[in-house]
Amino acid sequence: MKEIRELFRKDLMLELRQKYAINGILLYVLSTIFVAQLCFGRVIDENTWIALFWIILLFAAFNAVSKSFVQESASRRLYYFMLAPAVAVVLSKMLYNASLMVVLGLLSLLIFIVFMGFPVFNLALFLPAFILGCFGLASALTMVSAIASRSGNNAALMAILGFPVVIPLLLLLINASSFSLKKTLLTVDILKNLSSILLIDVVIVTLAVILFPYLWRD
Amino acid sequence: MIKGYIWKLSALVLILYSVIAGQLVHVPDLPIIHETIRNLFYHVCMWFAMFVMFGTSLVYSIRYLMSNKPTDDVKASESVYNGIFFGILGLITGMIWAKFTWGDFWTNDPQLNGAAVSMMAYLAYAVLRSSIDEKAMRARISAVYNIFAFMLLIIFLGVLPRIADSSLHPGTGGNSSTMEGLDFTMRLVFYPAAIGWIMVAYWLLEIRVRKQKLIRNLN
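The rules we used
- Residues numbered from 1 in each chain as written.
- Chains lettered and ligands numbered in written order.
- Predicted model: local features only at pLDDT ≥ 70, side-chain atom pairs only at ≥ 80, totals over all residues.
- Helix = DSSP H or I, 4+ residues; strand = E, 2+ residues; numbered from the N terminus.
- Rg over C-alpha atoms; globule rule 2.2 N^0.38 Å.
- Buried ≥ 20, exposed ≤ 12 C-beta atoms within 10 Å, placed from the backbone.
- Contact = placed C-beta atoms within 7 Å.
- Nonpolar A, V, L, I, M, F, W, Y, C, P; charged D, E, K, R; others polar.
- Axes fitted to C-alpha atoms, helices over the stretch in contact; angles between N-to-C directions.
- Parallel < 35°, antiparallel > 145°, perpendicular 65-115°, else oblique.
- Left-handed = near helix turned anticlockwise from the far one by under 90°.
- pLDDT = per-residue confidence, 0-100.
- Expected span 1.5 Å × (residues − 1).
- Core = buried A, V, L, I, M, F, W, Y, C linked by C-beta atoms within 7 Å.

Some points on the overall build of chain B
Now for step 1: Secondary structure assignment for chain B yields seven helices and zero strands.
Now for step 2: Relative to the globule expectation of 17 Å for 219 residues, the C-alpha radius of gyration of chain B, 19 Å, shows essentially globular dimensions.
Now for step 3: With respect to the three principal axes, the spread of C-alpha positions in chain B is 55 × 45 × 25 Å.
Now for step 4: Residue burial in chain B is summarised as follows: out of 219 residues, 37% are buried.
Now for step 5: Taking the intrachain contacts of chain B between residues at least 6 apart in sequence as the baseline, contacts between residues at least 24 apart amount to 73%.

Some thoughts on the overall build of chain A
Now for step 1: A count of helices and strands for chain A gives eight helices and zero strands.
Now for step 2: Counting helices and strands in the order they occur from the N terminus, chain A gives α-α-α-α-α-α-α-α.
Now for step 3: Taking 2.2 N^0.38 as the reference for a compact globule, 218 residues should give roughly 17 Å; the C-alpha atoms of chain A span a radius of gyration of 18 Å, in line with that estimate.
Now for step 4: For chain A, the spread of C-alpha atoms along the principal axes amounts to about 55 × 40 × 30 Å.
Now for step 5: Within chain A, residue pairs in contact and separated by at least 24 positions form 89% of the contacts whose partners lie at least 6 positions apart.

Comments concerning the interface of chain A and chain B
Often, the extent of an interface is quoted as the loss of accessible area on bringing the components together.
Now for step 1: Contacts between the two partners involve 18 residues from chain A, matched on the other side by 21 residues from chain B.
Now for step 2: Elements with a contribution of two residues or more to the side of chain A that touches chain B: helix 7 (155-179) and helix 8 (187-216) of chain A.
Now for step 3: Looking at the side of chain A that touches chain B, the element that brings in the most residues is helix 7 of chain A, giving eight residues.
Now for step 4: Of the residues contributing to the side of chain A that touches chain B, the split by class is 14 nonpolar, three polar and one charged.

Some details on the environment of B:Leu14
Residue and element names in this part refer to chain B.
Now for step 1: Counting through the fold element by element, leucine 14 comes out in helix 1 (residues 2-24).
Now for step 2: A residue is classified by how many C-beta atoms lie within 10 Å of it, and leucine 14, with 20 of them, is buried.
Now for step 3: Along the sequence, leucine 14 and tryptophan 102 sit 88 residues apart, while their C-alpha atoms lie 30 Å from each other.

With respect to the packing of helix 6 (residues 123-149) of chain A against helix 8 of chain A
All names here are of chain A.
Now for step 1: Relative to each other, helix 6 and helix 8 sit at 20°, their axes nearing to 9 Å. Taken as axis vectors, helix 6 and helix 8 run roughly parallel relative to one another. When the axes of helix 6 and helix 8 are compared, the crossing they make is left-handed.
Now for step 2: Class assignment for the residues of the contact of helix 6 with helix 8 results in 20 nonpolar, four polar and one charged.

Considerations on unusual backbone geometry
All names here are of chain B.
Now for step 1: With phi around 60°, asparagine 68 is a residue other than glycine that occupies positive phi space.
Now for step 2: Position of asparagine 68 among the secondary structure elements: in the loop between helix 2 (40-67) and helix 3 (70-101).
Now for step 3: We classify asparagine 68 as partly exposed; it has 14 C-beta atoms within 10 Å.

Concerning the confidence of the model for chain B
All names here are of chain B.
Now for step 1: Scored by pLDDT, chain B comes out at a mean of 85, with 90% of its residues at no less than 70.
Now for step 2: Scored below 50 in pLDDT, residues 172-177 shows 14 contacts in the model against residues more than four places distant or in partner chains.
Now for step 3: For this predicted complex, the interface confidence comes out at an ipTM of 0.85, alongside a pTM of 0.87.

Observations concerning helix 4 (residues 110-131) of chain B
Now for step 1: An ideal rise of 1.5 Å per residue puts 32 Å on 22 residues; helix 4 of chain B measures up with 31 Å between its terminal C-alpha atoms.
Now for step 2: Turning to helix 4 of chain B, its buried residues are B:Pro110, B:Gln111, B:Gly114, B:Ala115, B:Val117, B:Ser118, B:Met119, B:Ala121, B:Tyr122, B:Ala124, B:Tyr125 and B:Leu128.

Some details on helix 2 of chain B
Residues and elements named next belong to chain B.
Now for step 1: The terminal C-alpha atoms of helix 2, which comprises 28 residues, lie 40 Å apart, in line with the 40 Å expected from a rise of 1.5 Å per residue.
Now for step 2: Counting buried positions along helix 2 yields 20 of 28 residues, so the element is predominantly enclosed.
Now for step 3: Of the residues flanking the end of helix 2, it is asparagine 68, one or two places downstream, whose phi is positive at about 60°.

Re the packing of helix 2 (residues 20-40) of chain A against helix 5 (residues 86-116) of chain A
Residues and elements named next belong to chain A.
Now for step 1: Interhelical geometry of helix 2 versus helix 5 gives an angle of 25° and a closest axis separation of 10 Å. It follows that helix 2 is roughly parallel to helix 5 by the angle criterion. Here helix 2 runs over helix 5; the crossing is right-handed. For the pair formed by helix 2 and helix 5, the contact residues are Ile25, Leu26, Val29, Leu30, Ile33, Phe34, Ala36 and Gln37 on the first element and Leu104, Leu107, Ser108, Ile111, Phe112, Phe115 and Met116 on the second.
Now for step 2: Among the residues forming the contact of helix 2 with helix 5, the class breakdown is 13 nonpolar, two polar and no charged.

Re the nonpolar core
One broad rule of soluble globular proteins: the nonpolar side chains tend to lie buried together.
Now for step 1: Of all hydrophobic cores here, the largest spans 115 residues; its most connected members are A:Ala61, A:Ala138, A:Ile147, A:Leu161 and B:Ala49.
Now for step 2: Apart from residues no more than four positions distant in its own chain, A:Ala138 is found in contact with A:Ala61, A:Val65, A:Met94, A:Asn97, A:Ala98 and A:Met101.

Examining the environment of A:Ala208
Residue and element names in this part refer to chain A.
Now for step 1: Along the chain, alanine 208 turns up in helix 8.
Now for step 2: In this structure the C-alpha to C-alpha distance between alanine 208 and asparagine 47, which are 161 residues apart in sequence, comes to 33 Å.
Now for step 3: Discounting chain neighbours no more than four positions away, the residues touching alanine 208 are Val90, Met94, Ser139 and Met143.

A short note on the environment of B:Tyr64
Residues and elements named next belong to chain B.
Now for step 1: Here tyrosine 64 lies in helix 2.
Now for step 2: Taking C-alpha positions, tyrosine 64 is 21 Å from methionine 50, a pair spaced 14 residues apart along the chain.
Now for step 3: With near-sequence residues (within four places) excluded, tyrosine 64 lies in contact with Lys69, Asp72, Asp73, Ala76, Ala139 and Ala143.

Structure follows, in structure tokens:
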């Protein structure tokens, strides 16, 4: 527990000291949304809104998370290996990336609303789905980045390994978002949508916790 | 010696039977699909064989992570390649079937998209393997990814099509399952065909593993 907190703090401090990474991603989100606004104009129908938003967020997530294990050099990895159990390392990375994704996601949502308008979502479904989605994307991509970092660190590998892993989550998120456009929503339907997203999150985190120790040792 | 041949021969006999009987047997005349329903004997069997191969590779991957034996890794990776082979055959037979019943080679169907994405995951497995040089590391990392890929396969072919609103495949979106609608004479051909193809898949796997062992001994 203590290790998780310390590793989390270390990642946060590194991020705050060299702000170029997070600023770069924000600038990327801003420019993509601006391009989308130039291409589509302000008035787009709801389904296009949802698809565009999640695609932009997906690429932001790839950019934000892919560096998490890549930035660790081999010697530093050895150092962590001596200091903390593997489970603490992966959990701290996941928690850090998840909180980074939630912050980034909320900021992108804000920018997106400013440029593209906001369809009338049912917030009781959209916001929890959004938070759970950010969490799931971050933890899935953390694991993929751990795999990719052990195989020569090439960026193409991160993309081809990552896309299949995040697609089920993305499909469920788009599904839930278009579902939340409905005027009247039953609580049962909300819970059904949220629980399927939560289930995928839980599966990803569990698999990561079980499998990460095998990736970590040399 | 003879014992090794018996199951191979019976696999061949089963497939030969399914090819001949599959063309001759009386099938129910259903709307839209008509006689193309005979493709069920070939198309569905490919997916069954693929599923069994990927399941085998999952078992060997888990065994590798527990035992670290190189032979387990060879078996796991070769069953993935074998599964990809049967998956591609399943896609091709399915596309031909789709052209004659739904009018297009590719339709926007949850099951089709799921199959495509899970094939992509397994192709990514192949790329991942080729990008790592060190043998033990390659075995370990690809075993970890293989477990993820199997989870995707379950989600894509087992879960998502069932909760989707509409699908052209049977067994989803309120359609009845294939097995319930299958009449008795078709079952008599379908089950032997499925068993036959799965046996052939294992036969192929055995040859592939033997080839890898020979290559390793040469080096």
